[in-house]
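Here is how the chains run, residue by residue.
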Amino acid sequence: MATYSNNMKQDLPSDREAVLRVAAMPKESNTGGSIFGGWLMGQVDIAAGIIAIQRAAGRVATVAVNNFHFREAVLAGDLVSCYAEVIEVGRTSMTIHVDVYSQRHLGAPGAAVLHVADAELTYVALDDERRPRTVPEESVDEP
Ligand SMILES: CC(C)(COP(=O)(O)OP(=O)(O)OC[C@H]1O[C@@H](n2cnc3c(N)ncnc32)[C@H](O)[C@@H]1OP(=O)(O)O)[C@@H](O)C(=O)NCCC(=O)NCCS
């Protein structure tokens, strides 16, 4: 039976929806038996990018990964869920916070939910010429 740190949670967050859920496949594993950090960073960039595109109502580019904390290893077979939210809006930029949880041994004895990473990334809204454009006012009609 695997042992986990006190980072183990009982459940996924109930007050928000995951923007991305993806199974970590064996082909993403490194020689140490856990999933490549770069693979997880890619999933986080996709998840935060979706939120940035929604907020910017159009094209964006990642301009900075401000911080990325790998709290626990992700293992092949984990179901990875990314929760992302806008935490700051500038003139053309948006900063997004992402929490990542892994569901391990889903539906089996020893099932666990782990808070495996958190990160903060900045995106810039772009126009058709890929130049920075002003982030629009938040629409009250948007979900
Ligand atoms: C995104 C890009 C168009 C910004 O161009 P730029 O000339 O740096 O634009 P600006 O200096 O006007 O900065 C735009 C905004 O980004 C912010 N910004 C720029 N560099 C930043 C950094 N390192 N960290 C945080 N924010 C940054 C600025 O503060 C500004 O925000 P604000 O308008 O809300 O005040 C340009 O850097 C670019 O194309 N980068 C490549 C993006 C990309 O391809 N990403 C994927 C990599 S595979």
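Residues numbered from 1 in each chain as written. Predicted model: local features only at pLDDT ≥ 70, side-chain atom pairs only at ≥ 80, totals over all residues. Heavy atoms only, no water.

Going by what an unreviewed UniProt entry lists, the protein is known as Acyl-CoA thioesterase YciA and is assigned to Methylohalomonas lacus. Taken directly from UniProt, the Sequence similarities (unreviewed entry) text for the protein runs: "Belongs to the acyl coenzyme A hydrolase family." (UniProt positions renumbered as here; feature names shortened; annotations may be inferred.)

Peer 1: Would you explain the nonpolar core in this entry?
Peer 2: Across soluble globular proteins, nonpolar side chains show a tendency to be buried alongside one another. Val80, Met94, Ile96, Val98, Val100 and Tyr123 are the most contacted members of the largest nonpolar core, which has 30 residues in total. Secondary-structure elements contributing two or more residues to this core are helix H1 (37-56), strand E3 (60-70), strand E4 (79-89), strand E5 (93-104) and strand E6 (112-125). With sequence-adjacent residues up to four places away left out, Val100 is seen in contact with Leu40, Val44, Val80, Ser81, Cys82, Leu114, His115, Val116 and Ala117. (Core = buried A, V, L, I, M, F, W, Y, C linked by side-chain atoms within 4.5 Å. Buried < 20%, exposed > 50% of the residue type's maximum accessible area, 1.4 Å probe, protein only. Helix = DSSP H or I, 4+ residues; strand = E, 2+ residues; numbered from the N terminus. Contact = heavy atoms within 4.5 Å.)

Peer 1: What is the right way to look at the site of the ligand in this model?
Peer 2: Around the ligand, the surrounding shell holds 13 residues, and the nearest of these are Thr62, Arg91, Thr92, Ser93 and Val124. A distance of 2.6 Å separates an oxygen atom of the ligand from a polar side-chain atom of Thr92. Contacts to the ligand include Ser93, whose side-chain N or O atom sits 2.6 Å from an oxygen atom. The protein chains hide 41% of the 960 Å² of surface that the ligand would expose on its own. Counting residues per element, the ones that place at least two in the shell around the ligand are E3 and E6. (Near = heavy atom within 4 Å. Polar contact = N/O pair within 3.5 Å; in protein donor to acceptor, adjacent residues only side chain to side chain. Areas by Shrake-Rupley, 256 points an atom, 1.4 Å probe, with all protein chains shown as cover.)

Peer 1: Can you help me understand the layout of surface pockets in this one?
Peer 2: The gaps of empty space that remain are located by a probe, the size of a water molecule, rolled over the atoms. Taken as a whole, the second largest pocket holds about 160 Å³ of empty space. Around the second largest pocket sit Arg16, Glu17, Ala18, Val19, Ala84 and Glu85, which together line it. Partitioned by chemical class, the residues of the lining of the second largest pocket number three nonpolar, no polar and three charged. (1 Å grid on protein atoms, 1.4 Å probe; cavity = no way out; pocket = protein on both sides within 12 Å on 5 of 7 lines; lining within 4 Å. Points joined across faces, edges and corners; volume = space filled by probe spheres on them. Nonpolar A, V, L, I, M, F, W, Y, C, P; charged D, E, K, R; others polar.)

Peer 1: Just checking my understanding: could you explain a nonpolar patch on the surface for this structure?
Peer 2: A cluster of nonpolar residues, Met41, Val65 and Phe70, forms a patch on the protein surface that exposes about 250 Å² of accessible area. Turning to its location among the elements, Val65 is positioned in strand E3. On the basis of relative accessibility, which here comes to 43%, the residue Val65 falls in the partly exposed class. (Patch = residues over 30% accessible without salt bridge, like charges linked within 9 Å, V, L, I, M, F, W, Y side chains within 5 Å. Salt bridge = Lys/Arg side-chain N within 4 Å of Asp/Glu carboxyl O.)

Peer 1: What is the right way to read the side chain of Arg133 from this model?
Peer 2: Its location among the elements puts Arg133 in the segment after E6. Asp127 provides the closest opposite charge to the buried, salt-bridge-free Arg133, at an N-O distance of 6.9 Å. A distance of 2.7 Å separates a polar atom in the side chain of Arg133 from the backbone oxygen of Leu126. Not counting the four nearest positions on each side in its chain, Arg133 is found in contact with Ala56, Ala57, Gly58, Arg59, Arg91, Thr92, Ala125, Leu126 and Asp127. (Lys, Arg positive; Asp, Glu negative; His and termini not counted.)

Peer 1: Any chance you could explain unusual backbone geometry here in plain terms?
Peer 2: With the exception of glycine, most residues fall at negative phi, and the peptide bonds are largely trans. Look at Ala57: it is not a glycine, yet its phi comes out positive at around 55 degrees. Position of Ala57 relative to the elements: it lies in the loop between H1 and E3. The phi angle at Arg130 is positive, at roughly 60 degrees, despite the residue not being glycine. If you trace the backbone, Arg130 turns up in the segment after E6.

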